[in-house]
Amino acid sequence: MLAINRKVLTLDEFTIQQLRDFPNATGELSTLLRDIGLAAKRVNVEVNKAGLVDILGDAGSINVQGEDVKKLDVFANNQFTGVLKHGISCAGIASEEFDDHIPFDDAISQNSKYICLFDPLDGSSNIDVNISIGTIFSVYRRVSEKGEKVVINDFLQPGIKQVAAGYIIYGSSTMLVYATRRGVNGFTLDPSIGEFCLSHPNIKCPEFGKIYSVNHGNFFRYTKPVQKYIDTCQKKDENNGGPYSQRYIGSMVADLHRNLLKGGIFMYPGTTDKPGGKLRLLYECNPFAFIVEVAGGKAIDGIRRILDIQPSSLHQRTPFFAGSKGMIGELEDFLTAK
Ligand code: AHG
Ligand code: MN
Ligand code: MN
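Residues numbered from 1 in each chain as written. Chains lettered and ligands numbered in written order. Predicted model: local features only at pLDDT ≥ 70, side-chain atom pairs only at ≥ 80, totals over all residues. Heavy atoms only, no water.

### Digging into the coordination of the manganese ion (ligand 3)
Around a metal, the perfect tetrahedron of four donors has angles of 109.5 degrees, and the perfect octahedron of six donors has angles of 90 or 180 degrees.
Right, on to step 1. Each protein donor to the manganese ion (ligand 3) is listed here as Glu96 (OE), Asp119 (OD) and Leu121 (O); together their distances run 2.2 to 2.3 Å.
Right, on to step 2. Site description for the manganese ion (ligand 3): donor spacing in sequence, E-x22-D-x1-L.
Right, on to step 3. A spacing of 3.7 Å is found between the manganese ion (ligand 3) and the manganese ion (ligand 2), which share aspartate 119 as a donor. With glutamate 96 in the loop between strand E3 (90-95) and strand E4 (102-103) and leucine 121 in strand E5 (residues 114-122), this residue pair connects regions lying 25 residues apart in the sequence.
Right, on to step 4. Note on glutamate 96: relative accessible area 4%, which makes it buried.
Right, on to step 5. Take leucine 121: its relative accessible area is 1%, and that puts it in the buried class. (Donors = N, O, S within 2.8 Å, 3.2 Å for Na, K, Ca; no water. Helix = DSSP H or I, 4+ residues; strand = E, 2+ residues; numbered from the N terminus. Buried < 20%, exposed > 50% of the residue type's maximum accessible area, 1.4 Å probe, protein only.)

Structure, rendered in structure tokens:
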């Protein structure tokens, strides 16, 4: 018989335990995280049977970024929207898959203090080939008055204002990792009890690693300083531990999850054809910048700290470099060299 280790906390137990340190806390953030965990479990079930049911392939629509929407993107978007709408802690959402933000208009939601932004399915090009994909989320305290509908400015806050951010990786096991200012903690889904269990407490990103993650196919479209940095990754001499290893899955959740745990640098630079980069500031870069920084790492757009950027629109993109602090420092030497 399977012995359940009762020393292991579930996600709910952990978030409730955290509340004990804050007697005035309302528990709204715990409820929100529980809702997100529930949606994640539902998406996980669909991801696991993706090869079996007719959920693969294009849904036949094109999202606001002009990309094909896969059916699993739609399913995940519906699940996360649904739990947050029916929950009691979220006043409104913005998603990579919606053109505009969505205020929830019932009285309970309007009296909630948090708003949530998410990329419901990250790495969608990997769905059809059974490679890790993910969900990314970000939580802010609204700036508008409670009791009213949330407004666009609630969503256009710099990343430094995040209250929590996290991701779910649907991989060889499914994990939910989230950060608050107090730390980054990882929970692995135990399918035997259907609960996320604390498996990676207090995650810290090593100051240096040996992995660089970038789409090498775009090499000749990167700026000279970025090309030079990549060259250096390949030319590290044996006295410095030899060349770094290149690892790139194409799901930033998977690439950054690995680099967060093992140490490494993840890069999605601007290219000659897309100088503003590909990744979305609000749904992808801000949450990861927050997680990486709380874990001791660093995230920049090449010039600025990602978390300091004042967003001007929901779907704006940015070049993105994140990971081990020492490696981002090495990159910055190239970016700032005269
Ligand atoms: P999404 O599936 O949400 O559109 O995001 C995919 C992103 C990101 O996860 C990944 O790092 C990047 O696209 C890969 O892009 P390239 O194929 O251009 O390298
Ligand atoms: Mn994405
Ligand atoms: Mn997506």
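And the narrative resumes.
### Let's talk about the pairing of strand E6 (residues 133-141)
Right, on to step 1. Across the 9 residues of E6, 8 count as buried, placing the element largely inside the fold.
Right, on to step 2. Sheet topology places E6 next to strand E7 (residues 162-170); 8 bridges connect them, and they run antiparallel. Along E7, the bridge assignment pairs threonine 135 with isoleucine 168. (Pairing = 2+ DSSP bridges.)

### Let's talk about the site of ligand 1
Right, on to step 1. Surveying the vicinity of ligand 1 reveals 17 residues, the closest of which are Asp122, Ser124, Asn215, Tyr248 and Tyr268.
Right, on to step 2. Within the side chain of tyrosine 248, a nitrogen or oxygen atom sits 2.5 Å from an oxygen atom of ligand 1.
Right, on to step 3. Between ligand 1 and methionine 252, the relevant distance is 2.8 Å, taken from an oxygen atom to a main-chain nitrogen or oxygen of the residue.
Right, on to step 4. Protein chains bury 85% of the 470 Å² of accessible surface belonging to ligand 1 in isolation. (Near = heavy atom within 4 Å. Polar contact = N/O pair within 3.5 Å; in protein donor to acceptor, adjacent residues only side chain to side chain. Areas by Shrake-Rupley, 256 points an atom, 1.4 Å probe, with all protein chains shown as cover.)

### Observations concerning the side chain of glutamine 157
Right, on to step 1. Looking at where glutamine 157 falls in the secondary structure, it is placed in the loop between helix H5 (152-155) and E7.
Right, on to step 2. A distance of 2.9 Å separates a polar side-chain atom of glutamine 157 from the backbone oxygen of arginine 141.
Right, on to step 3. Ignoring sequence-local partners within four residues, the contact set of glutamine 157 consists of Tyr140, Arg141, Arg142, Val143, Asn286 and Pro311. (Contact = heavy atoms within 4.5 Å.)

### Brief notes about the coordination of the manganese ion (ligand 2)
Right, on to step 1. All of the protein donors around the manganese ion (ligand 2) are Asp119 (OD), Asp122 (OD) and Glu284 (OE); their distances to the metal are 1.9 to 2.2 Å.
Right, on to step 2. Between the donor residues of the manganese ion (ligand 2), the gaps in sequence give the motif D-x2-D-x161-E.

### As for the pattern of salt bridges
Right, on to step 1. Within this structure, the stated rule accounts for 12 salt bridges.
Right, on to step 2. One salt bridge in this structure joins arginine 258 and aspartate 255, with 3.0 Å as the shortest N-O distance. Remark: aspartate 255 and arginine 258 occur in helix H7 (residues 252-262); sequence separation between them is 3 residues, near one turn of the helix. In this pair, the class of arginine 258 matches that of aspartate 255, namely buried. (Salt bridge = Lys/Arg side-chain N within 4 Å of Asp/Glu carboxyl O.)

### Some remarks on the environment of phenylalanine 290
Right, on to step 1. Structurally, phenylalanine 290 can be placed in helix H8 (residues 281-294).
Right, on to step 2. Ignoring anything within four residues of it in the chain, the contact list for phenylalanine 290 reads Gly159, Gln162, Val163, Ala164, Ala165, Ala179, Thr180, Arg181 and Leu307.

### Re unusual backbone geometry
Right, on to step 1. The phi angle at asparagine 130 is positive, at roughly 60°, despite the residue not being glycine.
Right, on to step 2. Mapped onto the secondary structure, asparagine 130 falls in the loop between E5 and E6.

### Section: the domain arrangement of the protein chain
Right, on to step 1. Here the protein chain is partitioned into domain 1 (11-200) and domain 2 (211-335).
Right, on to step 2. For domain 1 and domain 2, the distance between their C-alpha centres works out to 23 Å.
Right, on to step 3. Summing both sides of the interface, domain 1 and domain 2 together bury roughly 2,900 Å²; the carbon and sulfur share of this comes to 66%.
Right, on to step 4. Our count for the contact surface shared by domain 1 and domain 2 stands at 1 salt bridge.
Right, on to step 5. Inspection of the domain 1/domain 2 interface yields 13 residue pairs in polar contact (both at pLDDT 80 or more). (Domains from an automatic or database assignment. Buried area = accessible area lost by both parts, 1.4 Å probe.)

### Looking at a nonpolar patch on the surface
Right, on to step 1. Among the surface-exposed residues, Val129, Ile131 and Ile249 lie close enough to one another that they form a single nonpolar patch of about 220 Å² accessible area.
Right, on to step 2. As for its placement among the helices and strands, isoleucine 131 is situated in the loop between E5 and E6.
Right, on to step 3. Residue isoleucine 131 is classed as partly exposed on the basis of its relative accessible area, which comes to 37%. (Patch = residues over 30% accessible without salt bridge, like charges linked within 9 Å, V, L, I, M, F, W, Y side chains within 5 Å.)

### Some points on the environment of phenylalanine 98
Right, on to step 1. In this fold, phenylalanine 98 is placed in the loop between E3 and E4.
Right, on to step 2. C-alpha of phenylalanine 98 to C-alpha of asparagine 24: the two residues are 74 residues apart in sequence and 35 Å apart in space.
Right, on to step 3. Once residues within four sequence positions are removed from consideration, phenylalanine 98 is found in contact with Val64, Asn77, Thr81, Ile93 and His315.

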